[in-house]
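In case you want the letters, here they are:
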Amino acid sequence: MTALIVALVAGAVVGLALGGLGGGGSVLAVPALIYPLGFAPAAATTAGLLIVIATSLTGLVAHAREGGVRWRTGGLFAAAGIVPAAVAGALSVRVPAGALTAGFAVLAAVAAVRMLRPRTGTGQETGRGPGPQAGPGTQPQAGAGGASAGRVARTGAGLGAVTGFLGVGGGFLVVPALVTVVALPMTAAVGTSLLVITVNSVAALVTRLATPTALDWSVIAPFTATAVLGAWDGRRLAAKVSTATLQRIFGAALLAVAVFMLIDAVA
């Protein structure tokens, strides 16, 4: 019963983060599976991909209905990451558990710092507040700037490798990349990142499933269910609460998790 409650609560938090921010939730899923729920690191990262796929698809549908997904840009990013995600996913199951945990802790710390660091610059980076950039009908088309296809492809490939190796969607990296490399406004970057996350996660999961891994579906199923529901609520929450506020909340929680995991890995 305790495991079920933890799975339900953790799933809701993951869904809220993915639906509201387009990233950060999946990086909380793996430690939740490892520590309170007792998954081995390899099993946790595989289960994390399953959860991320279901949750990202839900968020993607919600954003697409509002015109917040740039399919062409997201497709290029995603296509570049498919092979790296698959290769990294196959390699990760051969990495010692301690090393995988430490690598995940470092990545989680990077994600937390990105969320907590004050943002400067244009309104595209600071949130979904009122302004011309917030409406789907007023967003400039991606690719109009100077970003080359090669640069976009290289960035997408690197993000795919992160997804495959550590079992996270990588939205906290995808969203800034879409903003800085392709010059998407934040609203479109969040929605488009969910497309990239879904494709990369599927590619990574396919190679991981080729290696037999024990998965506890009595935990994964309720975790995924509440994550999916949370993704819908997260999208609505994002319309009422500023992106900066949401980032600070999830960033603080993620930093605490990262520190705990790093201590556990080196102890």
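A look at a nonpolar patch on the surface
- A cluster of nonpolar side chains, namely Ile-82, Val-83, Val-87, Leu-91 and Phe-165, defines an oily patch on the protein surface of about 420 Å² accessible area.
- When residues in the nonpolar patch are grouped by element, the largest group, 4 residues, is from helix H4 (residues 71-92).
- By secondary structure assignment, the location of Phe-165 is in helix H7 (residues 149-166).
- When its relative accessible area of 30% is taken as the criterion, Phe-165 is described as partly exposed.

Examining the environment of Ala-90
- With respect to the secondary-structure elements, Ala-90 resides in helix H4.
- Residue classification places Ala-90 among the partly exposed residues on the basis of a relative accessible area of 26%.
- In this structure, the C-alpha to C-alpha distance between Ala-90 and Leu-205, residues 115 residues apart in sequence, is 9.0 Å.

Here we look at unusual backbone geometry
- A positive phi angle, near 65°, is found at Ala-183, a position not held by glycine.
- With respect to the helices and strands, Ala-183 occurs in the loop between helix H8 (171-181) and helix H9 (186-209).

Focus: H4
- For H4, which comprises 22 residues, the first-to-last C-alpha distance of 29 Å matches the rise-based estimate of 32 Å (1.5 Å per residue) to within 8%.
- At Ile-82, H4 is deflected by roughly 35°, the largest bend along its length, and proline Pro-84 occurs up to four residues later in sequence.
- Here H4 has its buried residues at Thr-73, Gly-74, Phe-77, Ala-78, Ala-80, Gly-81, Ala-85, Ala-86, Ala-88, Gly-89 and Ser-92.
- If you follow the buried residues of H4, they end up packed against helix H5 (97-116), H7, H8 and H9.

Quick notes on the environment of Arg-235
- Along the chain, Arg-235 falls in helix H10 (residues 217-240).
- When the C-alpha positions of Arg-235 and Leu-16 are compared, they lie 7.6 Å apart, and in sequence the two are 219 residues distant.

Examining the packing of H5 against H7
- Close contact between H5 and H7 brings their axes to 11 Å; oriented N to C, the two are set at 135°. The angle between H5 and H7 falls in the class oblique. Our pair here, H5 against H7, has a crossing hand that is left-handed. From H5, Leu-100, Gly-103, Phe-104 and Leu-107 reach across to H7, where they touch Val-162, Phe-165 and Leu-166.

Overview of the nonpolar core
- Of all hydrophobic cores here, the largest spans 62 residues; its most connected members are Leu-33, Phe-39, Phe-77, Phe-104 and Phe-223.
- Phe-39 has contacts with Leu-33, Ile-34, Ala-44, Ala-47, Asp-216, Val-219 and Ile-220, leaving out every residue within four places of it along the chain.
- Counting residues in each nonpolar core, the second largest holds 6 residues, with Ile-53, Ala-85, Ala-203 and Ala-204 among its members.

Let's talk about the packing of aromatic side chains
- The full count for this structure, using the stated rule, is 1 aromatic pair.
- Judged by centre distance (4.9 Å) and plane angle (75°), the ring pair of Tyr-35 and Phe-260 falls under edge-to-face. Highlighted residues: Tyr-35 in the loop between helix H2 (26-34) and helix H3 (41-65) and Phe-260 in helix H11 (residues 243-266), separated in sequence by 225 residues.
- On the basis of relative accessibility, which here comes to 25%, the residue Tyr-35 falls in the partly exposed class.
- For Phe-260, a relative accessible area of 47% corresponds to the partly exposed category.

A closer look at the confidence of the model for the protein chain
- The predicted model of the protein chain has a mean per-residue pLDDT of 79, with 86% of residues at 70 or higher.
- Highest mean pLDDT in the protein chain belongs to H4 (88); lowest belongs to helix H6 (residues 123-126) (40).
- Every residue in residues 121-146 is under pLDDT 50, and counting partners more than four places away or in other chains gives 45 contacts.

Some thoughts on the side chain of His-63
- Here His-63 shows up in helix H3.
- Residues contacting His-63, with those up to four places away along its chain left out, are Gly-19, Gly-68, Val-69, Val-190, Gly-191, Leu-194 and Arg-235.

Considering the packing of H7 against H9
- With their axes 9 Å apart at the nearest point, H7 and H9 run at an angle of 40° to one another. As far as their axial angle goes, H9 and H7 are oblique. You can see that H7 and H9 cross each other, and the crossing is right-handed. Listed contacts from H9 to Leu-159, Gly-160, Thr-163, Gly-164, Phe-165 and Leu-166 of H7 are Asn-200, Ser-201, Ala-204 and Arg-208.

What counts and how
- Residues numbered from 1 in each chain as written.
- Predicted model: local features only at pLDDT ≥ 70, side-chain atom pairs only at ≥ 80, totals over all residues.
- Heavy atoms only, no water.
- Patch = residues over 30% accessible without salt bridge, like charges linked within 9 Å, V, L, I, M, F, W, Y side chains within 5 Å.
- Areas by Shrake-Rupley, 256 points an atom, 1.4 Å probe, with all protein chains shown as cover.
- Salt bridge = Lys/Arg side-chain N within 4 Å of Asp/Glu carboxyl O.
- Helix = DSSP H or I, 4+ residues; strand = E, 2+ residues; numbered from the N terminus.
- Buried < 20%, exposed > 50% of the residue type's maximum accessible area, 1.4 Å probe, protein only.
- Expected span 1.5 Å × (residues − 1).
- Bend = angle between axes of the 7 residues up to and from the residue.
- Contact = heavy atoms within 4.5 Å.
- Axes fitted to C-alpha atoms, helices over the stretch in contact; angles between N-to-C directions.
- Parallel < 35°, antiparallel > 145°, perpendicular 65-115°, else oblique.
- Left-handed = near helix turned anticlockwise from the far one by under 90°.
- Core = buried A, V, L, I, M, F, W, Y, C linked by side-chain atoms within 4.5 Å.
- Phe/Tyr/Trp six-rings, centres within 6.5 Å; stacked < 30°, edge-to-face > 60°.
- pLDDT = per-residue confidence, 0-100.

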